[in-house]
Amino acid sequence: MNSVSRSLIRSVSRQTVVTRGLTRQTVAMGMQQRFNGTLADAPKASFPKLNMLYRALQFGLLGGVVFTGYSMWETRHPPTQESFDPSKKTIVVLGSGWASTSFLKAVNTDDYNVVVVSPRNYFLFTPLLPSCTVGTIDVRSLVEPIRFITRHKSRDVKVYEAECTDIDPEKKLLTIVDSSDVKGESSVSTIPYDYLVIGVGAQNQTFGIKGVEQYGCFLKEVWDAQKIRTKLMDCIETAAFPGQSPEEIDRLLHMVVVGGGPTGIEYAAELHDFLVDDLTVWYPELAGKIKITLVEALPNVLPAFSKQLIEYTESTFKEQNITIHTKTMVKEVREKEIVVKKSDGTDASIPYGLLVWATGNTMRPMVRNLMNKLPESQTVRRGLSVDDWLRLQGSEDIFALGDATATKYAPTAQVASQQGKYLARVFAQLATTEKLEDELASAPAEEKAKKLRKYQKSQDIQPFKYSHQGSLCYVGSDKAIADVPFAQGNLSSGGVATFAFWRSAYVSNIFSGRNRWLVITDWTKKTLLGRDISRE
């Protein structure tokens with residue numbers, strides 16, 4: 001083959017290779033274009049339900065922020081109030097607990113003049129008080145000044161920080177005494193009333209046991225929680241002081257709770273959490289020596305709960321090394337020990353460093369004094385007797401509610417709150433009846449029949465009916481129990497999920513948005529930073 005032929009073959013081969021390369025490139029480009037076009041033209045994946053949920057959450061969060069902001073602004077900017085109206089009747093409210101405060105929030109001051117008399121000028125959210133004893137929640141987060149409520153009523157409400165010492169049902173007159181430490185020129189006064197609402201609650205029941213008031217700590221008021229916290233830290237710091245004998249250390253670090261109701265159980269649970277979560281870290285040499293004992297006279301703790309939840313609580317306490325002594329009665333309280341009578345009839349001595357007394361209630365002296373003035377109608381020794389409309393037996397103008405009364409209902413915050421709201425509706429209906437009575441007297445003859453029907457209907461006031469919403473109790477280790485009405489029976493549950501429900505239920509029942517945020521903030525601080533272990 002000559003050179004010309006060889007050159008021609010080489011040229012053709014090169015053209016073939018180039019052509020194949022261009023062909024591959026063209027095909028690749030075409031495939032890429034088709035692929036890109038397919039992606040561009042394809043419809044995007046759509047999730048309409050998720051999008052709707054996302055938008056609902058956005059609007060819900062925005063609405064929550066706006067509502068919270070407006071509530072805070074409204075709290076700080078109360079409206080202008082009308083002054084006392086001499087032509088209207090005056091309601092005097094005694095106390096600032098659950099019953100009185102619920103009534104005060106709901107009563108219509110357009111219809112009445114209202115006066116509040118209480119030894120403390122605030123409302124205390126008592127269900128979370130055990131948390132304050134160990135620093136889980138700050139005391140100020142559970143306190144709401146009464147004037148935060150009364151200042152937002154349409155008419156001026158007089159608030160006197162004083163104690164009512166005497167009630168004269170015949171003259172409709174109260175005697176009040178200034179209860180503050182700072183006294184002025186006048187410390188005793190009298191207040192007239194048209195209607196009286198007694199919601200003073202009750203005081204701690206000691207059953208006449210010697211030494212309880214002298215050496216025990218109660219858990220009912222703000223100062224009780226502060227006293228318990230101070231004494232608890234005193235016991236721990238004293239046990240850490242050099243030179244203490246092993247027996248004395250064991251006594252100082254033995255915390256005894258008397259009373260197996262919700263208050264006693266929740267305090268023991270909070271104390272256990274404090275020891276495990278905080279003192280183990282900061283007092284490692286003492287943590288394993290601290291003991292908690294609960295004493296209950298009845299056969300079991302939490303008698304108002306179902307058997308299933310009682311057993312759950314007892315098993316949880318056993319896991320937490322909390323000792324429960326049931327069927328054990330306290331006979332005497334001494335400075336460093338309590339004497340108890342056990343189920344077998346023998347006496348025993350239990351040494352303690354801190355004693356918390358969380359038993360039942362008894363009447364206040366003022367209530368007992370009023371009962372003595374109405375001996376024929378006030379015959380029940382547990383408290384004031386009232387009818388189905390919460391009117392005091394033996395009086396037409398006095399109403400009583402909450403723990404100050406002796407009714408078929410348990411002395412709980414839930415009962416007192418519902419009674420307060422109900423009584424506000426009763427007074428609203430009484431005001432309507434009085435207005436219709438005045439209109440009926442001056443109405444033309446052709447309108448009297450219609451006015452008479454309205455008047456008769458307004459007089460039909462329904463009696464109080466309690467609606468049980470369930471019982472809750474914290475049992476420690478982020479666990480709680482709940483006994484809630486469901487369908488025709490009760491739904492009982494316990495555990496971590498119930499603990500979340502317990503928290504949400506308590507937060508929702510706090511009276512103001514301000515205090516809700518304070519409690520939530522305290523819980524968050526405890527989770528992130530731990531509890532404060534300082535003495536003060």
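- If you look the protein up in an unreviewed UniProt entry, it shows as NADH:ubiquinone reductase (non-electrogenic) from Phycomyces blakesleeanus.
- Within the UniProt record for the protein, the comment given under Sequence similarities (unreviewed entry) is "Belongs to the NADH dehydrogenase family."

**Observations regarding the overall build of the protein**
- When helices and strands are counted, the protein shows 16 helices and 22 strands.
- Whereas a compact globule of 536 residues would reach a radius of gyration of roughly 24 Å, the protein reaches 35 Å, over 25% beyond that.
- The C-alpha extent of the protein, read off along each of the three principal axes, is 145 × 90 × 55 Å.
- In the protein, which comprises 536 residues, the share counted as buried stands at 41%.
- By sequence separation, contacts in the protein at least 24 residues apart represent 65% of the contacts at least 6 residues apart.
- For the protein, the accessible surface area stands at approximately 29,500 Å², while carbon and sulfur atoms represent 56% of it.

**As for the sheet that holds strand 20 (residues 471-476)**
- Spatial strand order, 20-21-22: 3 strands in an open sheet with antiparallel pairing. The open sheet is flanked by strand 20 and strand 22 (489-495), the only strands paired with a single partner. Here the average twist between neighbouring strands, direction ignored, is 15 degrees.
- As judged from the 7 bridges shared by strand 21 (residues 479-486) and strand 22, these two strands associate in the antiparallel manner. Its bridge partner being in strand 22, Ile481 is matched across the sheet by Gly494.

**Brief notes about the nonpolar core**
- Judged by nonpolar contacts, the single largest core of 120 residues is most densely connected at Leu94, Ile167, Ile198 and Phe427.
- The contact partners of Phe427, leaving out residues within four places of it in the chain, are Ile91, Phe103, Tyr112, Tyr195, Val197 and Phe399.

**Some thoughts on empty space enclosed by the protein**
- In the structure shown here, the tally under the stated rule is 3 cavities of 30 Å³ or more.
- Considering only enclosed or pocket space, the largest cavity measures out at about 90 Å³ in volume.
- Looking at the largest cavity, the residues that line it are Ser131, Thr136, Glu270, Asp273, Tyr474, Asp478, Phe499, Trp502, Arg503, Trp523, Lys526 and Arg531.
- Counting only elements with at least two residues in the lining of the largest cavity, the list comes to helix 9 (262-282), helix 15 (496-509) and helix 16 (513-529).
- Within this model, the second largest cavity holds a volume of roughly 40 Å³.
- Taken together, Ser96, Val116, Ser118, Arg120, Asn121, Ile146, Val159, Tyr160 and Glu161 make up the lining of the second largest cavity.
- Sorting the residues of the lining of the second largest cavity by element identifies strand 2 (113-118) and strand 5 (157-168) as the ones contributing at least two each.

**Some remarks on the layout of surface pockets**
- Counted as a void, the second largest pocket has a volume near 560 Å³.
- Considering the residues around the second largest pocket, the lining is formed by 21 residues, among which Ser71, Thr75, Ser512, Gly513 and Arg514 are closest to the centre.
- Mapped by element, the contributors of at least two residues to the lining of the second largest pocket are helix 2 (48-76), helix 5 (146-150) and helix 16.
- If you tally residues by element for the lining of the second largest pocket, the top one is helix 2, at 8 residues.

**Quick look at the packing of helix 7 (residues 222-239) against helix 9**
- One way to put it is that helix 7 packs onto helix 9 with a least axis distance of 14 Å and a crossing angle of 45 degrees. Put simply, helix 7 runs oblique to helix 9. Between helix 7 and helix 9 lies a crossing of right-handed hand. Listed contacts from helix 9 to Ile228, Leu232, Met233 and Ile236 of helix 7 are Tyr267, Leu271, Phe274 and Leu279.

About the cut-offs
Residues numbered from 1 in each chain as written. Predicted model: local features only at pLDDT ≥ 70, side-chain atom pairs only at ≥ 80, totals over all residues. Heavy atoms only, no water. UniProt positions renumbered as here; feature names shortened; annotations may be inferred. Helix = DSSP H or I, 4+ residues; strand = E, 2+ residues; numbered from the N terminus. Rg over C-alpha atoms; globule rule 2.2 N^0.38 Å. Buried < 20%, exposed > 50% of the residue type's maximum accessible area, 1.4 Å probe, protein only. Contact = heavy atoms within 4.5 Å. Areas by Shrake-Rupley, 256 points an atom, 1.4 Å probe, with all protein chains shown as cover. Pairing = 2+ DSSP bridges. Axes fitted to C-alpha atoms, helices over the stretch in contact; angles between N-to-C directions. Core = buried A, V, L, I, M, F, W, Y, C linked by side-chain atoms within 4.5 Å. 1 Å grid on protein atoms, 1.4 Å probe; cavity = no way out; pocket = protein on both sides within 12 Å on 5 of 7 lines; lining within 4 Å. Points joined across faces, edges and corners; volume = space filled by probe spheres on them. Parallel < 35°, antiparallel > 145°, perpendicular 65-115°, else oblique. Left-handed = near helix turned anticlockwise from the far one by under 90°.

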